[in-house]
Amino acid sequence: MMPWTTDFLLPAVLTLGFLQGLRWMRSPETAVRGNRLGAGCMALAVAFAVWRHGVFWLPQAWTALVLGAALGLALAHRVKTIQMPQLVALLNGFGGAASALVIAAMIPDLTPAAGPWSWLTAAAALSVGSATFSGSLVAAGKLQGYLAGRPLRFTGQNLLLRGLGALGLFLLAAAGVLQQPGWLFALTALALLYGLLLAMRVGGADMPVVISFLNSLSGIAAAISGLALQSPLAAGVGTLVGVAGLILTRLMCRAMNRNLAAVLAGFATADQERPGEAGGEPAAATRASDSDSDSAPLDASHIPALLQAARRVLIVPGYGMALSQAQQAVKNLMDALEAAGKEVKVAVHPVAGRMPGHMHVLLAEVGVGVDKLYDMAKINHEFAETDVVVAVGACDVINPAATTAKGTPISGMPILRAVDARAVIVCNLDEQPGYSGVANTLYQDPHVITCWGDAAQTVPELTRQFASVT
Amino acid sequence: MPTLVLFVFVVACALLGYRVIAAVPPLLHTPLMSGMNALSGITLLVALRALSHESSVTPLSMAAVVLATANVVGGFWVTERMLRMFQRPGKEEEGR
């Protein structure tokens, strides 16, 4: 009875605990509880493993556990919200590496008697884990600025990667059939190189997709190592992580109108063929500027009057806001506008930050209430009834060229329809295009006012100008 | 556990997980990902087992334990930190 309880019942119960924790992630009120339930389940699982495998009196085990906990705490406690993407990328890498290392440590146990299944799963866990590790380190390095954010391209890159992929599959099969550790070592080296090359050629703007994908891979690596070593809990929980990563990857791809293969290939979207409906409503984008023919072009001198007269204001934050650390300034502007009785909401594009949900965290940190944050799908129809849009460090996500122009890297990407608002104040650093490299046609629009400069200065200036007229 | 049962278990996790995780709002996607970092530290279980095996290579399994523990502890802690930020305005009602 005992083995049945510990081998099946306990993993099943703990998995349900993890699932309940994730269910509580549905709302910010219950999410803290959900996270703690997850931590509790994990603590139970680890305590049980320590007892079960008899490592309680093993100094190596405690040394490693204490070292790991210290490392985790040091990383998690100091990280700033703007650095969250690189932390997640780094931890993705740790996850992949841990799965690969476990398998590597168990290679002496892998005799030909272990059977092709064990060899195949071991080989798969090794390769996925290794590729996740090297790819994540490159992604984290790019995000942290240790590596250039530009995609690295060279001729023959596609051919090389395809060749390496094919070679990897061959080695995987060879490891399963021939069952010699040598194949596993070769496979590991190849996977490390593959992850490295793949991540090197992905650009900064595609990071939300890449981090989500690597998140998924780190879970898949854990799941396969669980399968290889017959641990139901590792297999099940690893699968949960894999699924979550895939859901987010798909979401991010959709928000950028890209497919995963194209992102990993480092293509600009223009290179891929796209269904015709991408530029479906080009007329809508020019509508606002045409119908507003009664007013002369707006300029900076109109700002105080515009803000004073406005009833509904929408803030559109972009990654530029995070770069200039203007979150507090934005919050102050929101407070000032609200104090004057205006309705203020924040419209968040799914890829406004460097990872899914990044912008929400950045704004929550400075105390912007979660009830003020609206996702693109919920808020986009409200732009037409908005008096003033204040875009802070956001370029590509409000660029009407995404719907009007064809064949650009952002064509077909869903955008926040700031162009529909009665007036738009753009607080961006300069006139340069966003990460996509596509010039923003919004800047030429007569109902758009551009305030070039560091948002940490230009946004407080807006607040001052508004205060001067109230 | 027989491999077949293990497979069924994994598929069940994938299906249930999809339903539950797809319902997490974009607002909480960053904490979701860091929480997933913590969960991917589940490899710690197999790493501890590897450490207990005499035939396994100790430095490698120790390194696996270190990294997986860093994921678990770091992942849960940073998620906790972030989720508290989301709770702050509603709870304390700091006047504006």
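Scoring rules and cut-offs
- Residues numbered from 1 in each chain as written.
- Chains lettered and ligands numbered in written order.
- Predicted model: local features only at pLDDT ≥ 70, side-chain atom pairs only at ≥ 80, totals over all residues.
- Heavy atoms only, no water.
- Axes fitted to C-alpha atoms, helices over the stretch in contact; angles between N-to-C directions.
- Helix = DSSP H or I, 4+ residues; strand = E, 2+ residues; numbered from the N terminus.
- Parallel < 35°, antiparallel > 145°, perpendicular 65-115°, else oblique.
- Left-handed = near helix turned anticlockwise from the far one by under 90°.
- Contact = heavy atoms within 4.5 Å.
- Domains from an automatic or database assignment.
- Buried area = accessible area lost by both parts, 1.4 Å probe.
- Salt bridge = Lys/Arg side-chain N within 4 Å of Asp/Glu carboxyl O.
- Polar contact = N/O pair within 3.5 Å; in protein donor to acceptor, adjacent residues only side chain to side chain.
- pLDDT = per-residue confidence, 0-100.
- Buried < 20%, exposed > 50% of the residue type's maximum accessible area, 1.4 Å probe, protein only.
- Pairing = 2+ DSSP bridges.
- Phe/Tyr/Trp six-rings, centres within 6.5 Å; stacked < 30°, edge-to-face > 60°.
- Lys NZ or Arg CZ within 6 Å of the ring centre and 35° of its normal.

A. Structural detail: the packing of helix α8 (residues 207-228) of chain A against helix α2 (residues 29-40) of chain B. Where α8(A) contacts α2(B), the axes come no closer than 9 Å and their chain directions differ by 20°. Judged by the angle between their axes, α8(A) and α2(B) are roughly parallel. In terms of crossing hand, the pair formed by α8(A) and α2(B) is left-handed. Facing A:Ile211, A:Ser212, A:Asn215, A:Ser218 and A:Ala222 of α8(A), the residues of α2(B) in contact are B:Met33, B:Met36, B:Asn37 and B:Ser40.

B. Region of interest: the domain arrangement of chain A. Residues and elements named next belong to chain A. The assigned domain composition of chain A is domain 1 (1-53), domain 2 (85-269) and domain 3 (280-469). On a C-alpha basis, the centroid separation for the pair domain 2 and domain 3 is 37 Å. If you sort the residues of domain 2 by the area they bury against domain 3, Pro-85, Pro-208 and Ala-255 come out on top, with a joint share of 34%. Linking domain 2 to domain 3 there are zero salt bridges. Where domain 2 meets domain 3, there are one residue pair in polar contact (both at pLDDT 80 or more).

C. Summary view of the confidence of the model for chain A. Residues with a pLDDT of 70 or more make up 93% of chain A, whose mean pLDDT is 88. Counting interchain partners and residues more than four positions distant, the pLDDT-below-50 stretch residues 268-294 of chain A has 38 contacts.

D. Highlighting the pairing of strand β1 (residues 312-317) of chain A. Residues and elements named next belong to chain A. Within β1, five of the six residues are buried, which leaves it mostly tucked inside the rest of the structure. Where β1 and strand β2 (residues 343-348) come together, four bridges link them in parallel fashion. By the bridge assignment, Ile-315 is partnered in β2 with Val-346.

E. Seen up close, the packing of aromatic side chains. Residue and element names in this part refer to chain A. Following the criterion strictly, the structure yields seven aromatic pairs over all chains and no others. Geometrically, the ring pair formed by Phe-56 and Trp-57 is edge-to-face, given 5.0 Å between the ring centres and 85° between the ring planes. With relative accessibility at 43%, the residue Phe-56 sits in the partly exposed group. Here the aromatic residues Phe-56, Trp-57 and Trp-62 are joined through ring pairs into a cluster of three or more. Directly above the ring of Tyr-374 sits Lys-345, whose terminal nitrogen or CZ lies 4.8 Å from the centroid. The cationic tip of Arg-354 hangs over the ring face of Tyr-319; the distance from NZ or CZ to the ring centre is 4.3 Å.

F. Up close: the pairing of strand β5 (residues 423-427) of chain A. All names here are of chain A. Among the five residues that make up β5, five are buried, leaving the element largely enclosed by the rest of the structure. On β5, burial covers both faces: Ala-423, Ile-425 and Cys-427 on one face and Val-424 and Val-426 on the other are all buried. Pairing of strand β4 (residues 388-392) with β5, which is carried by five bridges, proceeds in the parallel orientation. By the bridge assignment, Val-392 is partnered in β5 with Cys-427. Two elements, β5 and strand β6 (residues 448-450), share three bridges in a ladder whose sense is parallel. Residue pairing in the sheet places Val-426 in a bridge with Thr-450 of β6.

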